Structure formats: C-alpha cells, structure tokens
Amino acid sequence: MGSRVASPTFVGRIEELELLEAARRRAADADPAVVLVGGEAGVGKTRLIAELTSRHVSDETRVLAGGCVPVGDGALPYAPVVEILRALVADVGVGAVRELVGPSWPELARLLPALGAPEAGPAGQAAQARLFELLLGSLGRLAEQGPLVLVVEDLHWADRSTRQLLAFLVRNLRRERLLLVVTYRNDEPGQQRLGPYLAELDRSGRVERIDLARLDHAQTEAQLVGILGAVPAVDLLDGVFARSEGNPFFTEELLAVVRAGSAELPATLRDLLHGRVQTLPEPARRVMVVVAVAGREVSHRLLAAVVGLDNRALVEALRAAVTSQLLVTTPGADGYQVRHALLREVIDADLLPGERAQLHADLAQALTDQPQLADGPPAVAAAELAAHWDAAGEPTRALPARVQAGLAAERAHAFPEAQRHYERALELWEQVTDPDRAAGLDQAELLTRAAVAAASSGRSQRATVLVAEALGQLDLASDPMRAALLYMQLAGEHWAVGDEQACLTALEEGARILPAEPSAERARVLGYHSQTLMLTGRYRDAWRRAEEALVVARTVGARAEEGHALDMLGVCTENPDYLVEALRIAEEVGNAEGIVRAYLNLGVVLSLRGGRGREALEVARRGLGVARELGLEQAMGSFLAANLADGLFEFGEWEACDRVLAEALSRETTAAFVLHRVKGDLEVGRGALGSARHHLELAKQLNPASYETAWGLASLGELAIWEGRHDDADAAADEGLRVLKQLQAGQDEPVPDFIRIGMRFWVLGLRAAADRAELARARRSTSGVEEARQRVERLVGLVSTVSGRQGQAGDTEPGMVCDAVLAKAERSRLEGRSDPQAWQRAAVCWERAELSYRAAYARFRQAEALLAAKRPRAEIQPVLQAAHQTTVALGAATLRREIELLANRGRLRLDEPVAAAATAEAPSSPAASFGLTRREAEVLALVAAGRTNRQIGGELFITEKTASVHVSRILAKLGVAGRGEAAAVAHRLGLDR
C-alpha cells in the first residue's frame, strides 16, 4: 500500500510539452503567450504543467500557480489569484509586492490583506476594471525582472470574477514577458457554459489550445514501467489498459488495486475509487469524507475540530489515508487534500443527504467558532462559510452568512459573486423568522446591495428591477434621504443602458424629495445631478446644481463632494481655477477617479483658453501618468490619452501623437471611439486614406450617440473632401448637424461645444462647396455654381440651428477665431475670387495658434490664389515653400501632394532659395508655365468647356485618337488625375479663356 502510485517518469506528451516550451520561449522574448490545456479528468493536465515548471526551477523564470476551488454551490472569488499573490508575498515579501504594485497597493489589499489595510472606495465596473489594470501592470513589472509563467488550474470551477480577470489579461497582454497557462476539464457537466468563454478567449488571436488525449498502449506500458521499476507482465498490462483505456489516473488506481492483492479489476473508475476508499479503516474514511466535503485543502486543526478524534487517532487515520495515496500533502503547508477531483466526487456522491448536510454544518460551526481556521482572505472565508451553512439546510445561519459573504465579495470587487450571495439571501429571507435582525439589515438595504452588485457586474436591467423593488419597500415620507439616494442609483442604471431622459427624471425626483437640511448625501445627489446635466449638454442647469452642491458640501465639510462640485463648475464655466482646486481636494481625500477626472477636465478647459493649448498638453501628459499609477489608464485615463494625442496632432507633433495612439489602442480602452477618430485624422493628414477610412468608420461604429459622434462625422467629411467625394462630405455634415440637433433638444441656449463643432461643419461645408463651384466653373456650368451656393445657404441654416451663429467670430478660443477667418477665405474661393489676403490672414491666425498643419493648408490656398491672380513668382514661391516645408516635416502627404502639383503647374521650385526665386524670369504665359504647347492649350480649353475627345477632334480637325493623346499629355503636365481636375486648374489659372 505504501508503494509508489504515480510514475516518476514523464510519459508521452512530448509534442504538447514542446508547444508549451515554444510558448515560454516566445514569452521570454516579450511576446506574451496564452495556452489553454484541456482534457478529461485524470488525463494528465497537472502532470504536464508540473513537467514544464520543474524544468525551470533553476533558471530565472518565475512560476506562480493557483487553482480554482469548488465549495458548496459555487466557487470562491478570485481563489487562484489569491493563491498566486500569497505565493508571491511568501517569495519576495510584503514590501517588494507593494513596490511592485505602486502607490495603489491598498487596492490590491482587497484580495490580499497581508499587504495592509484595503483602500476604501466606491463599487462599480470601473472599480473592478481598476483592480484588473493594477494586476496587469504588476504582472508586467514582475515579468521585467525575469520571464514569468502564470498557471491557473481547473478553470471549469472558476468564479465569474476570475474568468473576467483572465479574459482581461488575455485581451490586454502586449509586451509582457509572460506565459499564461490555463487548464480545464472538457468532460465537466458545465462544459457547455465554458465553451463560449473559451471561444471568447480564442478571439484574442493570442491563444493556443492543447487537447490532451489518452495514452496509447505503448505509453501506458511506459507509465507502468515507471511505477513498477520493471516491465509489467503482459496480462497485467493488457488488463489495466483494457479498463483504463489510457487514462493515466485510472491506470495508476487500477495498478494500486492489483498490487493490493485484488483478483478482479473494477470495470469503471468510480467503482475502483469507491472500493479503494472502502478498504481504509473507518477513522481514515471519516477523515476522507470531511476533506472531500470541504472541497479544498483542509488544515490539521480544522480536521481536528470536525472529525471528532483525539490527536493520536487523527494522526493514525491521516497516515492511513496518505499512505494509500488517497490524501496528499503539500510541501511546506499544514493541510491535506484529496488526491484527485474524481475521488472527491465519488466520496461526495456516496453520502446520504442528511449525512452530507451534517458534515457541512460541522464544518460551518467549526469555522464560526474558530474563524482563524478559514483559509484565505475575507471574501474567500466568508463565501466558504456561507456555502457550508446553506448546504447544511440552516436558513437562520445561512442568511447572515450570505449577507456577510456578499459584503466581503463586494469589498474585493468580486461583484458577480456578491450579487449571487445577495440574491440567495433574498431567497432565504422568507424562510427566516425576524430576518432583519438575523441579517443585520432590512430588505430594502439588501435589495440595494444586490442592485449595486448587479450594476457593477454589467447587469443594469436586473439592477433597475432590484432598485425599483427597494424603493417599493420604503416610505418616502419617513425616509426621504434614503429614497433620494436610491433614485440616484436608479438614474445610474438608466444612464448605463442609454436612457438619458429616464436618468434625468429619476435625478429630478431624487432632488425633489431631498431633505432641505445640509448633508453630505444631499451634496452627493446634487453633484451627480449636475454631472448628468453637464454630460447631456444642459450646462446652465448643471452650473446651478453644481453651485448648490458646493454650498451644501462646504457647509457640512464634505470634502469629496466639494471636490466633485468644483469639478462640475470648472467644466460648466470653463474656469481652470475651479478644476485646480478640485484636483487638490481629490488628491487630499484619495479619490482616484476624482483625480483623473480633474486632470481630464482641466486639460479640456485649458485647451479652450487662448494661448494655453501647450499647457493643456502637459496637463494631459501628467494626468495620463497619474492614471497609469492609479490603475485607471484604460478607463478614464484613455480619454486623457485621446486628448493628448489630439493635441499633439494639432500642434504638429505627429510622431509623438502616433506613439500615444499606438500605446492606447494596443489594449482595451473605454475611449476607443475617440482614439480611432484621432488616428483617422492623423492618417488623413499622412495620406493613408484607406487606413483613415477604416479608423473613422470604426470610431463611428464604436461611438455611442454623443458630441464626439459629430466630431467623427466631421472627420469623415474632411476625408471625403480630400477624396473628391463632395456628396459624401455633404451627407456627413447633414448627419453630424442632425446628431447635434438631437443632442441639443430641450436646451435654452447654444451649448459651447455645439458652437465649436458647428463652426467646424461650417468651414468644411464652405470648403466642399468651393471645390464644387470651381469644378462647375471649369465646366462652364452656372447651375453647378448656383447649386454650390445654395448648399452653403442651406448649411447656414443647419449650423445656426445648433450653434446660434453662422460662422462669425465672437470667442477668444484660438481655434474658433481661426475657423471664422478661414471661413471668409473659403467664401472668397466659393465666389470665384479666391482672396490671397484672406488666406494670408487665415495662415497668420493658425501660425499664431501654433497649429502648423492648418497654417500650411491656408498658405497652400494663398499661393494658389496668388498664382490665379498671375502674381510674380517671387511673391508666390516663398509662400508655397513655407507650406511645403511644413508638410515635409510633418509627413503630411495628402497636402504635400497638392502643394507639389500646384508647384508643377506654376513652374515653381520648392527647393529653390527665396532670393533666387525673386530674380527668376516669369513665365511668358500660364500655358507655357506648364510646358503646354499651343495646340495643347487649345485642347485644354475645350476640355474645360466639357467637350469629349470626339468633339475636340471635330472642332480642331484632328482624329479622336490624336485628341486622346493630347489629353493624356495635358493631364501628365498638369499633374492631375482626370479631366475634371484639369478643367478646374484651367479655370483657376485662366487657361480656359
């Protein structure tokens, strides 16, 4: 019985091990890898992983492993993560782990109290996302010290929070030197539920799967040789293989039966395991049963408290079970666990219902009397206790245990598990006499807690139902404050599902019933109402609410609420001083989300103030670094990244912009729709128009209906203009202005943001109309010119509807002032008299604002207007050279191409010094400046008049083929793509006259 059961020799699995080794090597080279290892129970998943990790004990690779544990009716929250973190603390110490995590280590203490006191903070999906981001960052920094192998076993038992965390890691690993190995049973009854989750992991494109098959006959023989130390008899080998069918665990157990002297081999593994347990002495069987029902590794002290044996008898019983290799121990740990999950399942299935319930009750009572016997942090310990009391059929004890487990899971940000505990407590409520006293809270509070957990798990519809039920439990007259807070919560659920009106209605009702006396709660509700009003564009109402919240908060000394109110005031009034103070208060009270929000809003407001754009960039850069430290880079911090990238693009720092975008888009990000829009703008500028279209369309798909929707449509409109798709540009403007009109519904006055985007559409509309008019004039189409003018007049009406103005300057914001100047210049082009001075004023305006790309566009148009006016080359060339130098420095290929085409048409040298240009001889005629012959000039005039090649041939008495050759040469000399562009050039430069 004391002989070896498991083979010391690694048998088979050579290909599988090579795949894992290859993945580990890739990970060590900063190409993180994820491998899912599946197989039936007993097929050797754990043995394969053990072989992998044992090979790297002596090198610099660090291996951290944890397993999912089924207890009672569900899994323990974050069980494998807790096990991994505990191993890390044991290895490097608390101080090193704190340093690894950074200043937000108290947030990680939610899972590992050994780090210190957990950080107090609000619940919500953002809170869990922050925890996940901190873990990802910590693992990345740990992997910088040396390659890291992370093992999570038995995924089929994982709680939902652990599955969410693993999915987050898989989707967001980028350059970490990390190999993540996850094992799971593919014969588990719940495999149908696991299948979609595994498919989701596969979609990341990073996952490899290894499916372990059973061993063949030769491999089974090698396994037996390893155990026996000799070649097995043929009848023994054949008999074992016939029944085990190559399952390594079954093979080991069958051999143990044979060596024990049994003449008959059991037909099934379950029969075999049942028989093995029955051969144990009764005390040893009792110990086995307790460990199996516990569902996890059980300490010696917990066994002593439950089994009912004196210490000597307990030791003898344990020795018998361990010698039979039915119980196993972990080196360095004071605990025992059943050798294999299949054995635990067999033991549990053999229990009578009453016997099982009593064992659960004994375990629960022991853990209640001696809490120190629980294994793990509060969330794990509380979940285990609740599961045992519930399985014991003791609702009076189970109800408070479920509530406490829910609270502990909530504090650990294991929100799906918290909701599960709370909802089970609601089911137990009617089974308990005086449930309020037993639970330590009333039903309304329990419903509220369940709603918070559901909302934080992304189940807003369920949360809405639970909040409504909680409101139904309250007497609004006797407890108005509590009801007001519930209305605030209800508003949050409506917002989460996109119902803005229902959100505002709930907040208005909450504000209506708020007690008049000052309190932190009153300030909180008013502040949240202000924020929602601001987000829906109701700035004036938001301003009033924020002022009211600020007075209340200062009256009662509610610092967090005061900071929030100041933040809202800063946004509504565009006053950075309020936001600086809001940031200071958020840092003082340790409000991580408040800190990042203040940086975000401060940067936005500064960018709108004259001459403070560079300062806004620095604020965004600092804020992004702080968000990274606080674990909020991928949530709120992603908007800081978007603003930083947008600012870098506008200020002409395109390489830096691209780096910020690449980093932010390499992982999941809340602001993906904004980041893709900025990336699209960058690609338009660079001339990668196909890529630009991809990013802008993606931004449109990802974008919720919001103010940013309009910006994205403006970007699509600009792309369409560059591509000559003026109908599409008009359609984008129409759609964008329609979105703004819908968002502005119910507003008493134009919203500042809507004025800005209205100006943008106004300028783009003028530009598209001017392009249309130029083409129409080239074709001598007076109706086309009139149509372009009518389009602008229609646009005027649409813009004024959402912005309250028609392109006039009336603000100090540089961008809006310059847009107004630019609009006048585009208007001159529309009217057929492109004004060089208007374009010069626009260029100077953009240059003063340090927006070099926009200045280069104005300089290009200025040079074009000068050339059309037949001004001397000495006057034109410096203007075009300046624009060209800017586009070369930026890599602005789209505009650079237009500049070079213009230079080609005007016979201007972009690389010639300005002094030389001043003395150069002017071309004898516009046609000659392009190298056109007299005949080609005649052909071009007819092309501009809209003639076909056949008609040209008829008028000039040449063949249609000859006319075609002339047209091809003209297009090449003008540097244009088609007849329409050639006609436009002819008209602008007077070559059609």
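Computed from a predicted model, the values in this text were never measured in an experiment.

Reading the values: the criteria
Numbers given to residues run from 1 along each chain, matching the order in which its sequence is written. The model is predicted, so local features are restricted to residues of pLDDT at least 70 and side-chain atom pairs to those at 80 or more, both for listing and for counting; the totals for chains, interfaces and linings are taken over all residues. Values shown for side chains rest on all heavy atoms present in the structure; no hydrogens or waters enter the calculation. Runs of H or I in DSSP of at least four residues are treated as helices and runs of E of at least two as strands, each being numbered from the N terminus. We call a residue buried when its accessible area falls under 20% of the maximum for its residue type, exposed when it is over 50%, and partly exposed in between, using a 1.4 Å probe and counting protein chains only. Whenever a nitrogen or oxygen atom comes within 3.5 Å of another N or O atom, the pair is scored as a polar contact, on the condition that within protein one atom can donate a hydrogen and the other can accept it, and that pairs from neighbouring residues in sequence are kept only if both atoms are in side chains. Contacts between residues were defined by any pair of non-hydrogen atoms, one from each residue, lying within 4.5 Å. The span you would expect from a helix comes to 1.5 Å times its residue count less one. To be clear, the arc concerns the directions from the helix axis to the C-beta atoms. In short, DSSP must find at least two bridges between two strands for them to pair. Axis lines are fitted to C-alpha atoms, over the contacting stretch for helices. Their N-to-C directions set the angle, which ranges from 0 to 180 degrees. Should an angle lie under 35 degrees it is considered roughly parallel, over 145 roughly antiparallel, and from 65 to 115 roughly perpendicular; all remaining angles are considered oblique. Two helices cross in a left-handed way if the nearer one is turned anticlockwise from the farther one by less than a right angle. They cross in a right-handed way if the turn is clockwise. Lys, Arg, Asp and Glu make up the charged group, whereas Ala, Val, Leu, Ile, Met, Phe, Trp, Tyr, Cys and Pro make up the nonpolar group; the residues left over, Gly among them, are polar. The term salt bridge refers to a side-chain nitrogen of Lys or Arg lying within 4 Å of a carboxyl oxygen of Asp or Glu.

Time to look at the side chain of glutamate 826. Checked against the element boundaries, glutamate 826 lands in helix α40 (residues 814-830). You can call glutamate 826 buried: its relative accessible area is 0%. Here the side chain of glutamate 826 touches tyrosine 857 through a polar contact of 2.7 Å, side chain to side chain. Look past the residues within four positions of glutamate 826 in its chain and what remains in contact with it is Leu766, Arg767, Ala770, Trp839 and Tyr857.

Before going further, it helps to examine helix α1 (residues 14-28). The periodicity of an α-helix, 3.6 residues per turn, causes residues three or four places apart in sequence to face the same way. When the terminal C-alpha atoms of α1 are compared, their 21 Å separation across 15 residues agrees well with the 21 Å that a helix rising 1.5 Å per residue should span. Where α1 is concerned, the buried positions are Glu16, Leu17, Leu20, Glu21, Ala23, Arg24 and Ala27. Down the axis of α1, the buried set is contained in an arc of 160 degrees. They therefore lie on one face. For α1, exposure combined with an orientation more than 90 degrees from the buried face picks out Ile14, Glu15 and Glu18. Of the surrounding elements, those touching the buried residues of α1 are β1 (33-39), α2 (45-54), β5 (148-153), β6 (178-185) and β7 (207-211). Where α1 terminates, the next one or two residues include alanine 30, which has phi positive at roughly 70 degrees.

It is worth spelling out the sheet that holds strand β9 (residues 327-329) at this point. Overall, antiparallel pairing links the three strands, which are arranged β8-β10-β9 in an open sheet. Two strands in the sheet have a free side with no partner beyond their single neighbour: β8 (298-299) and β9. With two bridges connecting them, β8 and strand β10 (residues 335-338) associate as antiparallel partners. Note that in β10 the partner of valine 298 across the bridge is tyrosine 336. Running at roughly 85 degrees to β10, helix α13 (residues 282-294) makes contact with β8, β9 and β10 of the sheet.

This paragraph deals with the packing of helix α22 (residues 443-456) against helix α23 (residues 460-473). As a packed pair, α22 and α23 sit with axes 8 Å apart at the nearest point and diverge in direction by 165 degrees. Considered as vectors, α22 and α23 are oriented roughly antiparallel to each other. Crossing hand, α22 versus α23: left-handed. Within the contact between the two elements, α22 uses Gln443, Ala444, Leu447, Thr448, Ala450, Ala451, Ala454 and Ala455 and α23 uses Arg462, Ala463, Leu466, Val467, Glu469, Ala470 and Gln473. Tallied by class, the residues present in the contact of α22 with α23 amount to 10 nonpolar, three polar and two charged.

Within the structure shown, the criterion is met by 74 salt bridges. With its nearest N and O atoms 3.1 Å apart, the salt bridge here joins arginine 110 to glutamate 107. Of the residues examined, arginine 110 reaches a relative accessible area of 9% and is grouped as buried. Residue aspartate 771 pairs with arginine 829 through a salt bridge whose shortest N-O separation is 2.8 Å. Residue aspartate 771 is found in helix α38 (residues 752-778), and its partner arginine 829 is found in helix α40; the two are separated by 58 residues along the sequence. Overlapping salt bridges bring together Glu410, Asp442, Glu445, Arg449, Asp479 and Arg482 as one network.

The next thing to look at is helix α41 (residues 836-848). The first and last C-alpha atoms of α41 sit 18 Å apart over 13 residues, in line with the 18 Å expected at 1.5 Å per residue. Residues of α41 that are buried: Pro836, Ala838, Trp839, Ala842, Ala843, Cys845 and Trp846. Two to three positions downstream of the cap, the backbone nitrogen of glutamine 837 sits 3.0 Å from a side-chain oxygen, assigning the N-cap of α41 to aspartate 835. Following α41 by one or two positions, glutamate 850 adopts a phi angle in the positive range, close to 65 degrees.

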